[in-house]
Amino acid sequence: MKKTIISAALLIVASILVAIGVAEISFPESFLTFTDQDWLIDIWPKAYRYNIHVGLAAVFLATGICVPAYRLQKDFAIRALETLFRVGIGGMFIFASIYKIQDPHQFAVLVAQYQFFPALHLESVNNFFALVYPQFEFWFGLAMIVTPFVRESAFAIFWMFVSFIIALTWALGNDLGITCGCFELEDGDAHDKAEAWTSLIRDLILIWPTLWLATRKNHSLIKVWKRK
Amino acid sequence: MKAPTIIKSTETDSRLFGANSTLFLYFITMKDLLKKLIVFSKSYLKSLNWIVLLGIAAFCIALAVINNIRVEDSKSVEWIGSQEILAKPDEVL
């Protein structure tokens, strides 16, 4: 029992660190972002430049904390990690899809800026892709949380991550100067290359837990805790 | 009657690489790993519930069509086609 409590406490700390890491990497002005706190900028005006470093450090630290949690209570740690990954990644996909579903035109404009389909001589697919892809994000994200089909939803999400990585690498390789458009739509000619880098780093990190989930047995979140 | 000698692929590979045994071992290890990966991928793909996967995908396509009709005209897109590629900003940060 004591081991389980310590393991749970470590995993809670790891979850908070991952949340801080994701906020630092993807949402620089959120309430969880540490590097844009006024008091810190007063002391160290360049602190905001190090958001990716802080985010990555938080994620690595969280991974490190998971190791003793796993060693203390293996079974509990696996169940907790499966729950956290399912809710976290599924929730992230649902959140990311909402604005794209609300404004298909803006998302289609953003997809076109990647200039990926013209390179494959598939320009005509652009709009249909922009219509369908957010729906995939929403429903597979939801399926990962509320249905027992974790393997199938994680498999689909894994390939979505692969497509994001390819698209972002393409954009950075061709120096297109566009933003990721992962969580919010901008004017289409947004200009911060750093955001594409941070999105690429985030996707390269999150693809691993997704791959792990794709190899788990199909269970609902309730059954994950009930099974012996 | 003596059975004919069967030369295994590894022996052929060994002859090909000759003295360069490190490269030979690397090649064999990679070949084995690749074979294992292919076997694992095939069994994994068979273990997936394709009815669920394709069902959700079909449902998504149907909803995408409905969503494009539901949203106001300024936010909807043509089913087939692309969008204008905007000018690259002068200064990419």
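Since the structure is predicted, the reported quantities are computational estimates derived from the model, not experimental observations. (Residues numbered from 1 in each chain as written. Chains lettered and ligands numbered in written order. Predicted model: local features only at pLDDT ≥ 70, side-chain atom pairs only at ≥ 80, totals over all residues.)

## Digging into the overall build of chain B
Per the secondary structure count, chain B includes three helices and zero strands. Listing every helix and strand of chain B by position from the N terminus yields α-α-α. Across the 93 residues of chain B, 8% fall into the buried class. (Helix = DSSP H or I, 4+ residues; strand = E, 2+ residues; numbered from the N terminus. Buried ≥ 20, exposed ≤ 12 C-beta atoms within 10 Å, placed from the backbone.)

## Comments concerning the packing of helix α5 (residues 104-113) of chain A against helix α7 (residues 126-146) of chain A
Residues and elements named next belong to chain A. Contact geometry of α5 with α7 gives a least axis separation of 9 Å together with a crossing angle of 120 degrees. One element, α5, and the other, α7, form an angle in the oblique class. Where α5 crosses over α7, the two elements pack in a sense that is right-handed. Counted together, P104, F107, A108, V111 and A112 of α5 and N126, N127, F129, A130, L131 and P134 of α7 form the full contact between these two elements. (Axes fitted to C-alpha atoms, helices over the stretch in contact; angles between N-to-C directions. Parallel < 35°, antiparallel > 145°, perpendicular 65-115°, else oblique. Left-handed = near helix turned anticlockwise from the far one by under 90°. Contact = placed C-beta atoms within 7 Å.)

## A look at the nonpolar core
The tendency in soluble globular proteins is for nonpolar side chains to be buried as a group. Counting 42 residues, the largest nonpolar core has A:V111, A:A130, A:F140 and A:I157 as the members making the most contacts within it. At the level of secondary structure, the elements contributing two or more residues to this core comprise α4 (74-102), α5, α7, α8 (150-173) and α9 (193-213) of chain A together with α3 (50-70) of chain B. When residues of this core are assigned to their parent elements, the largest contribution, eleven residues, is made by α7(A). Discounting chain neighbours no more than four positions away, the residues touching A:A130 are A:P104, A:F107, A:A108, A:V111 and B:V77. (Core = buried A, V, L, I, M, F, W, Y, C linked by C-beta atoms within 7 Å.)

## Some remarks on the environment of A:F140
Inspection of the secondary structure assignment puts A:F140 in helix α7. Look at A:F140 and you get buried, because 28 C-beta atoms sit within 10 Å. Expressed as a C-alpha distance, the spacing of A:F140 and A:I94, which sit 46 residues apart in the sequence, is 8.4 Å. Beyond its immediate stretch of four places on either side in the chain, A:F140 contacts A:F93, A:S153, A:A156, A:I157 and B:I56.

## Some words on α7(A)
Its 21 residues give α7(A) an end-to-end C-alpha distance of 30 Å, which sits within 8% of 30 Å, the value for a rise of 1.5 Å per residue. Counting buried residues along α7(A), 17 of its 21 residues qualify, which places the element largely inside the surrounding structure. (Expected span 1.5 Å × (residues − 1).)

## Describing the interface of chain B and chain A
At the interface, 32 residues of chain B touch 37 residues of chain A. Tallied by class, residues from the side of chain B that touches chain A come to 19 nonpolar, eight polar and five charged. (Nonpolar A, V, L, I, M, F, W, Y, C, P; charged D, E, K, R; others polar.)

## Notes on the packing of α7(A) against α3(B)
Contact geometry for α7(A) and α3(B): axes closest at 8 Å, N-to-C directions at 130 degrees. By the angle between their directions, the pair α7(A) and α3(B) is classed as oblique. Considering the relative orientation of α7(A) and α3(B), their crossing is right-handed. Residues A:L131, A:V132, A:Q135, A:F136, A:W139, A:F140 and A:A143 of α7(A) touch α3(B), and the partners they reach there are B:I56, B:F59, B:C60, B:I61, B:L63, B:A64 and B:N68. Across the contact of α7(A) with α3(B), the residue classes break down as twelve nonpolar, two polar and no charged.

## A look at the domain arrangement of chain A
A common way to express how large an interface is: the accessible area buried when the components associate. Residue and element names in this part refer to chain A. Examined at the domain level, chain A breaks down into domain 1 (1-72) and domain 2 (81-228). Computed over C-alpha atoms, the centres of domain 1 and domain 2 are 22 Å apart. The interface of domain 1 with domain 2 comprises eight residues on the first partner and seven residues on the second. Contributions of two or more residues to the side of domain 1 that touches domain 2 are made by α1 (2-26) and α3 (51-72). For the side of domain 1 that touches domain 2, the per-class residue count stands at six nonpolar, two polar and no charged. (Domains from an automatic or database assignment.)

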